[in-house]
Amino acid sequence: MIIVMQPGVAEADLAEAVRHVESLGMKPHVLYGVERTVIAAVGPERDGLKESLEAAPGVAQVLPILAPYKIASREVKKDTSVITAGSLSVGGTKLGVIAGPCSVENEDQIMKAAHGVKAAGATALRGGAFKPRTSPYSFQGLKEEGLKLLAKAREATGLAIVTEVLATEDVGLVADYADVLQIGARNMQNYRLLEAVGKTNRAVLLKRGPSATMEEFLLAAEYVLSGGNSQVMLCERGIRTFESHTRFTLPLATVPYLQTKTHLPIVVDPSHGTGHTYMVPSMTLASIAAGCDGLILEVHHDPAHAASDGYQTLSLTQFADVMQRGRKVAEAVGKTM
Ligand code: PEP
Ligand code: MN
């Protein structure tokens, strides 16, 4: 059920409505919109529920939520959610730009990346400390040492840190260092992990599984939201198709589609979405034109010698160039970057 509160509702009435929802055995999630505050009441519905909720003071309207995902649905919140984590803000008119290497390799490398992407206008630093690699023989990341280096880079540049958490048992450790917990494509349907990040107070960047449908993607986000964490960004990073000219197929129609279905902001990853450095600038511009709220890009001071994903990584010069060109596209669609 969506409980739409009256405009300018008193805090006391809101608190009372929340208690009322709880007393009916449902879980209340308060969503603050620009015009209205609503409560998404999730849980078993019984007869007379609508009438009972409608009678509460400050309540304007009670409506059913039709989508299978409840808190993520646009039905409950008309305006796009703005997710803020330190220097990163995603969902407003300024695009959030997360840039940095695929993996953290050493102090010199992450510092060069951090200073370089900041100078070009990035608003957050990415870098994997725990890496999900297809082969167990590939570089698996520096783990806690990598997290420490990311924290140093944040200290030096002020950039928020976006880094992946691979396993439930690492959530506490990664959350101690990161501003944004990245859930990788391979883990999009790891429900225990989604529940665990849902219990943290860190923003979450949820990547789409390479074979996940939009509904599965949104229901994965719902796991995090229903755990009490409202700071969720969705990331389109490409899907698996029969096509082999790109590493994955990057469907940009995801952006306008999701915008009709959810209030959560949408980030696009043209690096993993294409798998080729030369395609990344064009697809970055296309993502901005499609209306994304943010971008995540792999950038390294020396892509040819990157420990992972060098073939899809931009150099610092290429990144600065795409930022400059991206600003023009952003302006054309009423945004800044
Ligand atoms: C990454 O961001 O480096 C990564 C492993 O991404 P994905 O989970 O989308 O493959
Ligand atoms: Mn990568």
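Above this text is the structure in question.
Okay, so let's go over this structure.

Around ligand 1 sit 13 residues, and of these Arg126, Lys131, Ala185, Lys207 and Arg237 come closest. Separating an oxygen atom of ligand 1 from a side-chain N or O atom of Arg237 is a distance of 2.7 Å. The side chain of Glu298 places a nitrogen or oxygen atom 3.3 Å from an oxygen atom of ligand 1. For ligand 1, whose free accessible area comes to 290 Å², the fraction covered by protein is 97%. Taken together, the residues of the shell around ligand 1 sort by class into three nonpolar, three polar and seven charged.

Let us now look at the coordination of the manganese ion (ligand 2). For a metal bound by four donors in tetrahedral geometry, the ideal donor-metal-donor angle is 109.5 degrees, whereas six donors in octahedral geometry ideally sit at 90 or 180 degrees. For the manganese ion (ligand 2), the full set of protein donor atoms is Cys102 (SG), His272 (NE2), Glu298 (OE) and Asp309 (OD), and the range of their distances to it is 2.0 to 2.4 Å. Note on Cys102: relative accessible area 4%, which makes it buried.

Turning our eyes to something else, we now look at the sheet that holds strand 3 (residues 37-42). Spatial ordering of the open sheet is given by 2-3-1-4, a layout of four strands whose pairing is antiparallel. The sheet is open, and its two edges are formed by strand 2 (27-32) and strand 4 (59-63), each paired on a single side. Strand after strand, the sheet turns through a mean of 20° between neighbouring axes, direction not considered. As defined by bridge partners, strand 1 (residues 2-5) adjoins strand 4 across four bridges and the pair is classed as antiparallel. Among the inter-strand pairings, Val4 is bridged to a residue of strand 4, identified as Gln61.

So, on to the pairing of strand 12 (residues 232-236). When you tally the buried positions in strand 12, you get five out of five residues, the bulk of the element. Neither face of strand 12 is exposed, since Val232, Leu234 and Glu236 on one face and Met233 and Cys235 on the opposite face are all buried. Bridge count for strand 11 (residues 203-207) against strand 12 is four bridges, and the pairing is parallel. Bridge assignment links Val204 to a residue of strand 12, and that residue is Val232. As a crossover connection, the stretch from strand 12 through helix 8 (residues 254-261) into strand 13 (residues 266-268) is right-handed.

Thresholds applied
Residues numbered from 1 in each chain as written. Chains lettered and ligands numbered in written order. Predicted model: local features only at pLDDT ≥ 70, side-chain atom pairs only at ≥ 80, totals over all residues. Heavy atoms only, no water. Near = heavy atom within 4 Å. Polar contact = N/O pair within 3.5 Å; in protein donor to acceptor, adjacent residues only side chain to side chain. Areas by Shrake-Rupley, 256 points an atom, 1.4 Å probe, with all protein chains shown as cover. Nonpolar A, V, L, I, M, F, W, Y, C, P; charged D, E, K, R; others polar. Donors = N, O, S within 2.8 Å, 3.2 Å for Na, K, Ca; no water. Buried < 20%, exposed > 50% of the residue type's maximum accessible area, 1.4 Å probe, protein only. Pairing = 2+ DSSP bridges. Helix = DSSP H or I, 4+ residues; strand = E, 2+ residues; numbered from the N terminus. Axes fitted to C-alpha atoms, helices over the stretch in contact; angles between N-to-C directions. Right-handed = clockwise from strand over helix to strand, strands pointing away.

Function cannot be read off these values alone, since they describe shape.
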